[in-house]
Amino acid sequence: MKFEWTYDQADTLLLRTFLKKQGISKKLLAKIKFQGGKIYVNNQEKNVLFSLKSHDKVTVVIPDEKGHDTLLEDKVPIEIVFEDDHLLIINKPAGVASIPAQYHPSGTMANRVKAYYVQKGYKNQVVHVVTRLDKDTSGLMLFAKHGFAHAKLDQELQKKTLVKKYQALISGEIAALSEHGQIDLPIVRDMTSLIKRKTDESGQSALTEYWLSERNEHIALVNIQLHTGRTHQIRVHFSAVGCPLLGDDLYGGRMDLGITRQALHCCALTFRHPFTGELLAFSLPLAKDMEIVAKEL
């Protein structure tokens with residue numbers, strides 16, 4: 001894959017410094033150097049110690065990424081929301097894990113995306129997961145189609161300029177919640193369980209912002225934005241304030257309303273394209289099981 005830039009400053013600058021500013025890491029530079037990539041300035045091959053001058057054209061050729069045999073193919077169709085040369089956004093159904101585990105090497109979204117890449121004959125075959133979702137959470141999931149895009153999107157995540165929004169159905173002490181509020185409670189591993197978390201002062205800081213959308217006496221549809229990314233954060237926080245998610249038996253959610261998974265849906269993604277700088281915004285309606293209950297509100 002080829003990327004091009006023009007250096008537009010008056011002062012000279014080391015090519016290595018310029019490439020770092022474009023988001024090319026030392027690891028990626030090593031890959032370019034040792035795995036068949038190339039770096040050109042004005043169509044002449046150069047090393048990273050070359051001094052750039054104003055109007056120099058820089059071209060970087062990044063070698064293709066061969067797929068890992070350890071990631072199995074799962075030839076199940078995926079619902080594509082958006083795709084270009086750098087990004088793939090899909091609608092993940094509930095009940096499908098994001099990535100394989102030691103004893104569950106297939107049946108995940110990563111396996112399905114791998115099969116899609118192979119079927120399409122893409123040169124880059126490595127699956128880069130940018131935003132994971134819990135197995136029973138539905139909605140938007142973002143993949144990078146090559147390592148350079150993944151690195152730049154990780155920078156957006158670190159700067160918190162990539163925004164994910166969720167919708168959830170909750171029950172319990174609805175009347176105690178304000179129309180708009182924040183849940184600011186640290187989260188720690190619950191030592192009585194291999195997977196469960198709980199709120200505790202000894203834990204990592206965790207902040208969840210919410211807006212009540214629709215409600216009745218017992219159930220509410222809530223819009224959510226995470227300001228931190230702790231494991232099970234939304235589930236733990238709403239359980240801690242007495243309003244667990246419907247279908248979430250791990251955290252005390254009601255199981256009698258036709259929803260048998262945590263009623264959580266990633267409904268929106270907003271971020272800047274890592275190469276064009278364009279502001280991208282994607283949204284999805286509620287998954288069908290959540291929509292049925294929400295309509296009753």
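All chains use their own residue numbering, which begins from 1 and follows the written sequence. Local features in a predicted model are, by the rule used here, given only for residues with pLDDT of at least 70; side-chain atom pairs are given and counted only at 80 or more, and totals for whole chains, interfaces and linings are based on all residues. For the side-chain quantities, the full set of heavy atoms in the structure was used; hydrogens and water were omitted.

> Please clarify how the UniProt feature "domain: Pseudouridine synthase RsuA/RluA-like" (unreviewed entry) in the protein should be interpreted in this entry.
UniProt positions are given in the numbering used here, feature names are shortened, and annotations may be inferred rather than shown by experiment. The positions that UniProt labels "domain: Pseudouridine synthase RsuA/RluA-like" (unreviewed entry) are, in the present scheme, residues 86-240. Annotated as residues 86-240, this span is 21% helix and 34% strand, and its ends, taken at the C-alpha atoms, are 39 Å apart. Put simply, DSSP H or I for four residues or longer makes a helix, DSSP E for two residues or longer makes a strand, and each gets a number counted from the N terminus.

> Even after reading the chapter, I still don't get the environment of Phe238, so can you show me in this structure?
Here Phe238 is to be found in helix 5 (residues 233-240). We call a residue buried when its accessible area falls under 20% of the maximum for its residue type, exposed when it is over 50%, and partly exposed in between, using a 1.4 Å probe and counting protein chains only. Assessed through its relative accessible area of 0%, Phe238 is described here as buried. Any two residues whose heavy atoms approach within 4.5 Å are treated as being in contact. Apart from the residues lying within four places of it in its own chain, the contact partners of Phe238 are Ile170, Ile183, Thr208, Tyr210, Val222, Ile224, Cys243, Pro244 and Leu245.

> Any chance you could explain the packing of aromatic side chains here in plain terms?
Think of a pair of aromatic rings as described by two things: how far the centres are apart, and how the planes are tilted against each other in angle. Working definition: a ring pair exists when centres of Phe, Tyr or Trp rings (six-membered ring for Trp) sit within 6.5 Å. Plane angles under 30 degrees give stacked, over 60 give edge-to-face, the rest tilted. Per the stated rule, a full pass over the model turns up twelve aromatic pairs. Between Phe3 and Phe148, the ring centres sit 5.1 Å apart and the planes meet at 85°, which makes this aromatic pair edge-to-face. Pair noted here: Phe3 is in strand 1 (residues 2-6) and Phe148 is in helix 4 (residues 147-159), with a separation of 145 residues, a long-range link. Classification of Phe148 by relative accessible area gives buried; the value is 2%. Relative to Phe282, the ring of Phe271 lies with its centre 6.3 Å away and its plane at 35°, an arrangement referred to as tilted.

> Just checking my understanding: could you explain the side chain of Thr137 for this structure?
Among the structural elements, Thr137 can be located in the loop between strand 9 (128-129) and strand 10 (138-144). Residue class for Thr137 comes out buried when judged on its relative accessible area of 2%. When sequence neighbours within four positions are dropped, the list of residues in contact with Thr137 reads Lys92, Pro93, Ala94, Tyr166, Arg261, Gln262, Leu264, His265 and Cys266.

> Quick question: what am I supposed to make of the environment of Met141 here?
With respect to the element layout, Met141 can be found in strand 10. Spatially, the C-alpha atoms of Met141 and Gln167 are 15 Å apart, while their sequence positions differ by 26 residues. Once residues lying within four places of it in the same chain are set aside, the contact partners of Met141 are Leu88, Ile89, Ile90, Lys92, Ser98, Met109, Val129, Thr131 and Arg132.

> It is not clear to me how the sheet that holds strand 4 (residues 44-45) should be interpreted in this structure. Could you clarify?
Sheet strands associate in pairs through backbone hydrogen bonding, adopting either a parallel or an antiparallel arrangement. Sheet architecture is open: four strands sit in the order 1-6-3-4, paired in antiparallel fashion. Only two strands of the sheet have a single partner each, and these edge strands are strand 1 and strand 4. Should DSSP find at least two bridges between two strands, the strands are taken to pair. Note: strand 3 (residues 38-41) against strand 6 (residues 57-61), four bridges, orientation antiparallel. Note on strand 6: the bridge partner recorded for Ile39 is Val60.

> So what exactly am I meant to see when it comes to the nonpolar core here?
The tendency in soluble globular proteins is for nonpolar side chains to be buried as a group. Ranked by internal contacts, the top residues of the largest apolar core, which has 32 residues, are Leu142, Ile170, Tyr210, Val222, Ile224, Phe238 and Phe271. Element by element, the count of residues in this core is highest for strand 17 (residues 264-272), at four residues. Apart from residues lying up to four places away in sequence, Leu142 is in contact with Leu88, Ile89, His128, Val129, Val130, Thr131, Leu153, Leu162, Leu269 and Phe271. Note on terminology: a nonpolar core comprises buried Ala, Val, Leu, Ile, Met, Phe, Trp, Tyr and Cys residues joined through side-chain atoms within 4.5 Å.

> Help me understand helix 5, please; the structure alone is not making it clear to me.
In an α-helix, one full turn covers 3.6 residues, which means residues spaced three or four apart are oriented alike. The buried fraction of helix 5 amounts to six of the eight residues, a majority that puts the element mostly inside the structure. Backbone geometry just downstream of helix 5 places Gly242 in the positive-phi region, at approximately 85°.

> Which parts of the structure should I look at to understand the pattern of salt bridges?
When the charged atoms of two side chains lie near each other, side chains of opposite charge can form a pair. We define a salt bridge as a contact between a side-chain nitrogen of Lys or Arg and a carboxyl oxygen of Asp or Glu at a distance within 4 Å. A full pass over the atoms with the stated rule returns ten salt bridges. In this structure, the salt-bridge partner of Asp256 is Arg254, at a minimum N-O distance of 3.0 Å. The class of Asp256 is exposed, set by a relative accessible area of 54%. Residue classification places Arg254 among the partly exposed residues on the basis of a relative accessible area of 31%.

> It is not clear to me how the pairing of strand 12 (residues 180-184) should be interpreted in this structure. Could you clarify?
Remember that side chains alternate between the two faces of the sheet whenever the strand is regular. Burial along strand 12 is one-sided: the residues Gly181 and Ile183 are buried and none of His180, Gln182 and Asp184 is. In terms of strand pairing, strand 12 meets strand 15 (residues 207-215) through five bridges, oriented antiparallel. Directly across from Gly181, in strand 15, lies its bridge partner Tyr210.

> Would you mind going over helix 4 with me for this structure?
What a helix is expected to span follows from its residue count: subtract one and scale by 1.5 Å. End to end, helix 4 covers 19 Å across 13 residues, agreeing with the expected 18 Å (1.5 Å per residue, within 8%). On its buried face, helix 4 is in contact with strand 1, helix 2 (26-34), strand 8 (87-92), strand 9, strand 10 and strand 17. Backbone geometry just after helix 4 places Lys160 at a positive phi near 60°.

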